[in-house]
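So you can see what is in the structure, the chains are spelled out below.
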Amino acid sequence: METGINSFFINISLIFLFMSLTFYVMRTVLPIQPTSPLFVRFWFGVSNGLTAILLTINSIELGDARIDLRLIPIALSATFAGPFGAIVTLGLIFIGRTTLHGMSAPFVDSLLLLFVFFLFSLVMTRLPIRRGRGYAIYIGLGALFVLIQVSGSVNETVFINVFVPYFLMLSFGAWLCYWAAKKLETHLWMFLLHTHRATIDELTGLPNRYRTLEQMNDLEMSGKPWTLLVIDVDHFKQLNDTYGHLAGDAALRHIGQTLERSCPPSGFVGRYGGEEFLLVIEGSEGMAKVAENIVQMVQRTPFEFQGEIIPMTISIGAAIAGHEPSMVVFERADAALYEAKRNGRDQVKFA
């Protein structure tokens, strides 16, 4: 019995390992659900199929019998990824069992059970059932199929010594794995949410100061040539005083979107704060033309607020990075920006 308990926890650890890796790799597409993109459901099904094969290989010995917990990854796949995820998992189990054991009679019975399980998942997706309850139904259905399969074919002693422990292990293991899956999904989702909030400016949707300075630092550390443009919206205080702060916010969003469209493929644009933006570009050739094009693009892109067209211009201070810290480059570009402001705005000045 001790060997069986040890094997049980090894099996649960295998499920948890694959589940953790899967959720981490797919963290940018969470939550995983039956309406997720096809590739998400496919790879989730593949992960659970591989897990089920490993559980079959590392089956649990109870006396002279061997049991496995492959119903758990099947139920996870059907619950999270719907019928498509389930059929991918079942397909991998079919390939794995055929490769390992061939077309034996127990295998044919197992294949029939899995086919019925898939059909049941099609029905389940059309019912308004909460995910946790649906998962419990999948586990219960799988346990019922096993019970029907062994009824009348094993004696009472075998049933008590083998299948009663199996049902207990399946129930406890299924609850443990679903609880862990929910916690993992919630944790990764909240981590991404907080990461997004920590690095994205809420008003413009652009990377914020922290993320933009980090990009500058990355380019500095790479040793590649790079250029910094410090961009300031002209007469922004006057716009705020004349039209109100709602107009000011809309103007910043408008400028941010215009800068995104004008940003070269090798560039990275972010909001530094207030009405100031930074554009970090890998490379140093042709940057005067790039900066002039950005100034002209803002001139030509109309900003409309409550039916009125409001002229918008920007001033740019630019600096091409040498062998110096990124903040020194920033100070040079910022000084060039103030020179552009003093010279009448709506222009570019290089440090």
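This structure is a prediction, so every number in the text was calculated from the model and none was measured.

Caption draft 1: Representation of the overall build of the protein chain in the model. When you go through the protein chain residue by residue, the secondary structure sums to eleven helices and nine strands. Against the globule reference of 20 Å for 351 residues, the protein chain gives a C-alpha radius of gyration of 30 Å, more extended than a compact globule. Counting only C-alpha atoms, the protein chain reaches 95 × 50 × 30 Å along its principal axes. Counting across all 351 residues of the protein chain, residues that qualify as buried make up 48%.

Caption draft 2: Fine view of the environment of serine 77. With respect to the element layout, serine 77 can be found in helix 3 (residues 71-101). The spacing of serine 77 and glutamate 202 is 125 residues in sequence and 35 Å in space, taken between C-alpha atoms. Setting aside its immediate chain neighbours within four residues, serine 77 contacts Phe44, Gly45, Asn48, Gly82, Gly85, Ala86 and Thr89. Among the polar contacts made by the side chain of serine 77, one reaches the main-chain carbonyl oxygen of glycine 85 at a distance of 2.8 Å.

Caption draft 3: Focus on a positive patch on the surface. A contiguous patch of positive charge, built from Arg130, Arg133, Lys182 and Lys183, is present on the exposed surface. Its location among the elements puts lysine 183 in helix 6 (residues 156-199). Here lysine 183 falls in the partly exposed class, since its relative accessible area comes to 48%.

Caption draft 4: Structural context of the side chain of asparagine 11. Examined against the element boundaries, asparagine 11 turns out to sit in helix 1 (residues 2-25). Classification of asparagine 11 as buried rests on a relative accessible area of 0%. From its side chain, asparagine 11 meets the backbone oxygen of serine 7 in a polar contact 2.7 Å long. Filtering out sequence-adjacent residues up to four positions away, asparagine 11 remains in contact with Leu55, Asn58, Ile60 and Leu69.

Caption draft 5: Representation of the packing of helix 8 (residues 236-243) against helix 9 (residues 245-262). Running from N to C, helix 8 and helix 9 point in directions that differ by 135°, and their axes come no closer than 6 Å. It follows that helix 8 is oblique to helix 9 by the angle criterion. For the pair helix 8 and helix 9, contact is made by Phe236, Leu239, Asn240 and Tyr243 and by His245, Ala247, Gly248, Ala251 and Leu252, respectively.

Caption draft 6: Main features of the environment of alanine 65. The residue alanine 65 is located in strand 2 (residues 65-67) in this model. The sequence separation of alanine 65 and leucine 184 amounts to 119 residues, and the corresponding C-alpha distance is 34 Å. In contact with alanine 65, not counting residues within four places along its chain, are Ile60 and Val162.

Caption draft 7: Looking closely at the pattern of salt bridges. A full pass over the atoms with the stated rule returns ten salt bridges. Here arginine 131 ties to glutamate 185 by a salt bridge, and the two come within 2.8 Å at their closest N and O atoms. With arginine 131 in helix 5 (residues 131-150) and glutamate 185 in helix 6, the pair connects residues that are 54 residues apart, well separated along the chain. Among the residues examined, arginine 131 registers a relative accessible area of 29% and is labelled partly exposed. Linking glutamate 214 and arginine 211 is a salt bridge whose minimum nitrogen-to-oxygen distance equals 3.1 Å. Note that glutamate 214 and arginine 211 are positioned in helix 7 (residues 209-222) at a spacing of three residues, about one turn of the helix. On the accessibility criterion, glutamate 214 (30% relative accessible area) is partly exposed. Through salt bridges with shared partners, one network takes in Asp232, Asp234 and Lys341.

So, how was this worked out
- Sequence order sets the numbering: in each chain, residues are counted from 1 along the sequence as written.
- Residue-level local features of this predicted model are given only where pLDDT is at least 70; pairs of side-chain atoms are given and counted only at 80 or more, and the full residue set underlies all totals for whole chains, interfaces and linings.
- The side-chain figures draw on all heavy atoms in the structure; neither hydrogens nor water molecules are used.
- In DSSP terms, a helix is any run of H or I states spanning at least four residues, a strand is any run of E spanning at least two, and both are numbered starting from the N terminus.
- Put simply, the radius of gyration uses C-alpha atoms, and a globule should come to 2.2 Å times the residue count raised to 0.38.
- Each residue is placed in one exposure class: buried if its accessible area under a 1.4 Å probe, protein chains only, is under 20% of its type's maximum, exposed if it is over 50%, and partly exposed if it falls in between.
- The contact criterion used throughout is that any non-hydrogen atoms of two residues lie within 4.5 Å.
- Polar contacts, as used here, are pairs of N or O atoms within 3.5 Å; protein pairs need one atom able to donate a hydrogen and one able to accept it. Residues neighboring in sequence count only if both atoms are side-chain atoms.
- What makes a patch is a set of residues exposed beyond 30% relative accessible area and free of salt bridges, joined within 9 Å when like-charged and within 5 Å when nonpolar (Val, Leu, Ile, Met, Phe, Trp, Tyr).
- Exposure was quantified through the Shrake-Rupley algorithm and a 1.4 Å probe, taking into account, for residues, occlusion by the shown protein chains and nothing else.
- What makes a salt bridge here is a side-chain nitrogen of Lys or Arg within 4 Å of a carboxyl oxygen of Asp or Glu, nothing more.
- His is not counted, nor are the chain ends; Lys and Arg add positive charge and Asp and Glu add negative charge.
- The atoms used to mark charge sites are NZ of Lys, CZ of Arg, CG of Asp and CD of Glu.
- Every axis corresponds to a line fitted to the C-alpha atoms, with the helix fit spanning only the stretch in contact, and the corresponding angles, defined between N-to-C directions, vary from 0 to 180 degrees.
- Roughly parallel refers to an angle under 35 degrees, roughly antiparallel to one over 145, roughly perpendicular to one between 65 and 115, and oblique to any angle outside these ranges.

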